[in-house]
Amino acid sequence: MLLIEQTLDSLLKKHTMRIFLISLLLVCTIFLQAQQIISGGPLKPEQANMDIRHYTLSLEVDPAGKSIKGYTEISLILIKEANTILLDLVQQMKVEKIILDGKQVEFLHENGFINISGSNQFSAGKHLLKVIYAGEPPIAKRAPWEGGFQWEKDSTGNPWIAITCQSEGGKIYFPCKDHPSDEPNEGADLFITVPKGLVVAGPGLLQKVTTKKNQSTYHWKTNYTISNYAILFNVGKYKVIRREYITVNNNRVPMEFYVLEEHADKGMHLLEIMERSARVQEKYFGEYPWVKEKIAIAETPHLGMEHQTMNAYGNKFRYTLVGGMDFDWLLHHEFGHEWWGNKVTNRDWAHMWIQEGICVFGDALYIRDAEGEEAYLERMRRTARATQNRMPIVQGEQIDAKQTYQPDIYGKGAFFMHTLRYIMGDSLFFPTLKKLATAPQYTYDNTVTTDDVEKLFSGAYGQSMKPVFDLFLRTTEKLDVQIRQTDTEKYFIRLANSGMTLPVDIATDRGMERVMVGEKGLEVNSKTIPVVDPKGYYLKKITMD
Ligand SMILES: [Zn+2]
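Residues numbered from 1 in each chain as written. Predicted model: local features only at pLDDT ≥ 70, side-chain atom pairs only at ≥ 80, totals over all residues. Heavy atoms only, no water.

## Examining the nonpolar core
Next up, step 1: Counting 160 residues, the largest nonpolar core has Y173, F233, W340, W353, M417, F457 and M465 as its most contacted members.
Next up, step 2: If we skip the residues at most four places from it in the chain, W340 touches F285, I354, Q355, I358, C359, L433, L436 and A437. (Core = buried A, V, L, I, M, F, W, Y, C linked by side-chain atoms within 4.5 Å. Buried < 20%, exposed > 50% of the residue type's maximum accessible area, 1.4 Å probe, protein only. Contact = heavy atoms within 4.5 Å.)

Here it is, written out as structure tokens:
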């Protein structure tokens, strides 16, 4: 997801207007908090005992009634035998019937949970559960940040439907285990039925379109693991623009844009822009993650979201020139989530900076490639200035999606990668970052935490970097740089809270030097007052005695 403040900044020029609107949003957010549907939080023991293998969604969409009806089939494994199967589904959905392993079962649907408790225990091992339901799913209040369904119309009056649910979870419209730690290992099938003439854009590959009378059913199938907030579809009067992408490893992947018919003439140029984005992402993070399926975007009425193999795009073809070429920041950012979020997934929302921070760092790397190191450094300095430090990026463990969501998981998270890059040097940092995005233990079926990232980078550095991970991610402190003049042309410089010795650039009358400094400090001779870290690799505060 993208950061709301960034968007406001780009849309609103007048300062007072901006403050007014941000205040308004805060008021609205607080007001909505009471009735919000929230993803994640502590994993319930009944759900910790359950491994989701596959989802099949078969739903008929009624744009006029703003409703859906059909079923979801869930293939799951119970790790131990259990007397309860617990699923998430909002109360707006009315469950008609549940069939477990071919037999209808009793259930209770209350407070957003489906509780199936048998008179006999459910055996350990595989089970197939079919939930038949219907209803009017929650309407998005402020998509994509406050998610739900959007029942919009395009400019010619055709239905234009989008779903967003990163913070709310897939439970807004299908029964699921709503926790980032568990993705369906065998993927998902979506059979979505819409009025004839409309097109459904979904994850994976389109298997078949069946038209009967006045309805069409689109069957989309992904064989990859997928986050439950990415198991969804968009509907519109779409035209499909196609080209082919050849990955860094020479795999051929279809590249598609489900664009509203009225914007079809703009489609191919956006795919060209996307191809440039893909080249840079692959250079730093390895091959595009879903080569057996597709690279695709769907035009949506909201700004955008990282929907696996079908990124939501709503930036209205507004480009900026980067390196003299058209660039779409929204497209690049959401596309970056194919690596950071979709392929590398945080095990708990507590570690969401991994998805957002590294993705934003990838946005800066595009600037580095297109305009050079100085432009990249300027971008990172701007990022540092925007850091809020109101609360730590990692606030603990088992944190829900709303609590973890704050601007610093983006900018400060990205800046932290910039700091690591400086500490380790490019020859160590970039291969390590690529390893995080490519090694099996961090990708696809395997989810990651801040500790996993710390251990990987510490291992590559050859020394524990836990002190800097803790300082920048688990506190709101900045690096405390203290400079004291001890004699004529002599200065004592120390890092009061670094917890380890760190490389620092120091500019003196003799020029710039990279030296190792820690809490013990060191003495520097200079005719001028030394300038510490002039290029801005650290979030720091400097005190002079
Ligand atoms: Zn994002």
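Next comes the rest of the write-up.
## Describing the packing of helix α6 (residues 353-371) against helix α10 (residues 426-438)
Next up, step 1: The contact between α6 and α10 brings their axes to 13 Å, and the two run at 130°. Here α6 is positioned oblique relative to α10, judged by the angle of their axes. Here α6 and α10 pass one another in a crossing that is left-handed. Taken together, the residues of α10 that come into contact with α6 (itself represented by I358, F361, L365 and R368) are D426, F429, F430, L433 and L436.
Next up, step 2: When the residues that make up the contact of α6 with α10 are grouped by side-chain class, the tally is seven nonpolar, no polar and two charged. (Axes fitted to C-alpha atoms, helices over the stretch in contact; angles between N-to-C directions. Helix = DSSP H or I, 4+ residues; strand = E, 2+ residues; numbered from the N terminus. Parallel < 35°, antiparallel > 145°, perpendicular 65-115°, else oblique. Left-handed = near helix turned anticlockwise from the far one by under 90°. Nonpolar A, V, L, I, M, F, W, Y, C, P; charged D, E, K, R; others polar.)

## Comments concerning helix α12 (residues 466-474)
Next up, step 1: Among the residues of α12, V468, F469, L471, F472 and L473 are the ones counted as buried.
Next up, step 2: Looking at the buried side of α12, the elements it contacts are α6, α9 (411-424), α11 (450-461), β23 (479-487) and β25 (502-508).

## Things to note about the packing of aromatic side chains
Next up, step 1: Throughout the structure, instances matching the rule amount to 32 aromatic pairs.
Next up, step 2: The interplanar angle of 15° and the centroid separation of 6.1 Å between the aromatic rings of Y224 and Y444 together place this pair among those described as stacked. Taken together, the positions of Y224 in the loop between β14 (215-222) and β15 (234-236) and Y444 in the loop between α10 and α11 put the pair 220 residues apart, joining distant regions of the chain.
Next up, step 3: Classification of Y444 as partly exposed rests on a relative accessible area of 27%.
Next up, step 4: Plain terms: the ring middles of Y405 and Y410 are 5.9 Å apart, the flat faces sit at 90° to each other, and that makes the pair edge-to-face.
Next up, step 5: In this structure Y410 comes out as buried when scored by relative accessible area, which is 1%.
Next up, step 6: Among the aromatic residues, those joined into a cluster by ring pairs are Y284, F285, W340, F361, Y376, F429, F430 and F457.
Next up, step 7: Over the ring of Y71 we find K130; its NZ or CZ atom is 4.2 Å from the centre of that ring.
Next up, step 8: R514 extends its terminal NZ or CZ atom over the ring of Y422, reaching a point 4.5 Å from the ring centre. (Phe/Tyr/Trp six-rings, centres within 6.5 Å; stacked < 30°, edge-to-face > 60°. Lys NZ or Arg CZ within 6 Å of the ring centre and 35° of its normal.)

## Details of the pattern of salt bridges
Between side chains of opposite charge, pairing is possible as soon as their charged atoms come close.
Next up, step 1: Enumeration over the complete set of coordinates arrives at 27 salt bridges.
Next up, step 2: In this structure, K171 engages D178 in a salt bridge whose closest nitrogen and oxygen atoms are separated by 2.4 Å. Each member of the pair K171 and D178 is classed as buried.
Next up, step 3: The shortest N-O distance in the salt bridge between R368 and D426 comes to 3.6 Å. Placement of R368 in helix α6 and of D426 in helix α10 is noted, with a sequence separation of 58 residues between them.
Next up, step 4: What emerges from the salt-bridge pattern is a single network uniting D51, R53, K126 and E186. (Salt bridge = Lys/Arg side-chain N within 4 Å of Asp/Glu carboxyl O.)

## As for the state of the cysteines
Next up, step 1: Applying the stated criterion to the full structure yields zero disulfides.
Next up, step 2: With no disulfide of its own, C165 has C176 as its nearest cysteine by sulfur position, at a separation of 8.3 Å.
Next up, step 3: C359 takes part in no disulfide bond, and the closest cysteine sulfur, belonging to C165, lies 18 Å away. (Disulfide = S-S within 2.5 Å.)

## Digging into the environment of A48
Next up, step 1: Position of A48 among the secondary structure elements: in helix α3 (residues 45-48).
Next up, step 2: A relative accessible area of 40% means that A48 is categorised as partly exposed.
Next up, step 3: Residues A48 and L128, spaced 80 residues apart in sequence, show a C-alpha to C-alpha distance of 17 Å.
Next up, step 4: Discounting residues that sit within four places of it in the chain, A48 has contacts with L43 and I79.

## Here we look at the sheet that holds strand β29 (residues 540-544)
Next up, step 1: Strand order in this open sheet of four strands is β27-β24-β23-β29, and the pairing throughout is mixed. Each edge of the sheet is formed by a strand with only one pairing partner; in this case those strands are β27 (522-525) and β29. The average angle at which neighbouring strand axes cross in this sheet is 25°, direction not considered.
Next up, step 2: Of the strand pairs in this sheet, β23 and strand β24 (residues 490-495) are connected by six bridges, and their pairing is antiparallel. Each bridged residue has a counterpart across the sheet, and for D487 the counterpart in β24 is K490. (Pairing = 2+ DSSP bridges.)

## Here we look at a nonpolar patch on the surface
Next up, step 1: Residues I529, I542 and M544 make up a contiguous nonpolar surface patch of roughly 270 Å² in combined accessible area.
Next up, step 2: Assignment of secondary structure puts M544 in strand β29.
Next up, step 3: For M544, a relative accessible area of 43% puts it in the partly exposed group. (Patch = residues over 30% accessible without salt bridge, like charges linked within 9 Å, V, L, I, M, F, W, Y side chains within 5 Å. Areas by Shrake-Rupley, 256 points an atom, 1.4 Å probe, with all protein chains shown as cover.)

## Looking at the confidence of the model for the protein chain
Next up, step 1: The predicted model of the protein chain averages 94 in pLDDT, with 94% of residues at 70 or higher.
Next up, step 2: Every residue in residues 11-34 scores below 50 in pLDDT, and together they form 15 contacts with partners more than four places removed in sequence or on other chains. (pLDDT = per-residue confidence, 0-100.)

## Here we look at the pairing of strand β16 (residues 238-246)
Next up, step 1: Relative to strand β17 (residues 252-260), β16 runs antiparallel, the two sharing nine bridges. Paired with I246 across the strands is R252, a residue of β17.
Next up, step 2: Counted along the chain from β16 to the antiparallel partner β17, the turn is five residues long, and its residue N250 has a positive phi close to 70°.

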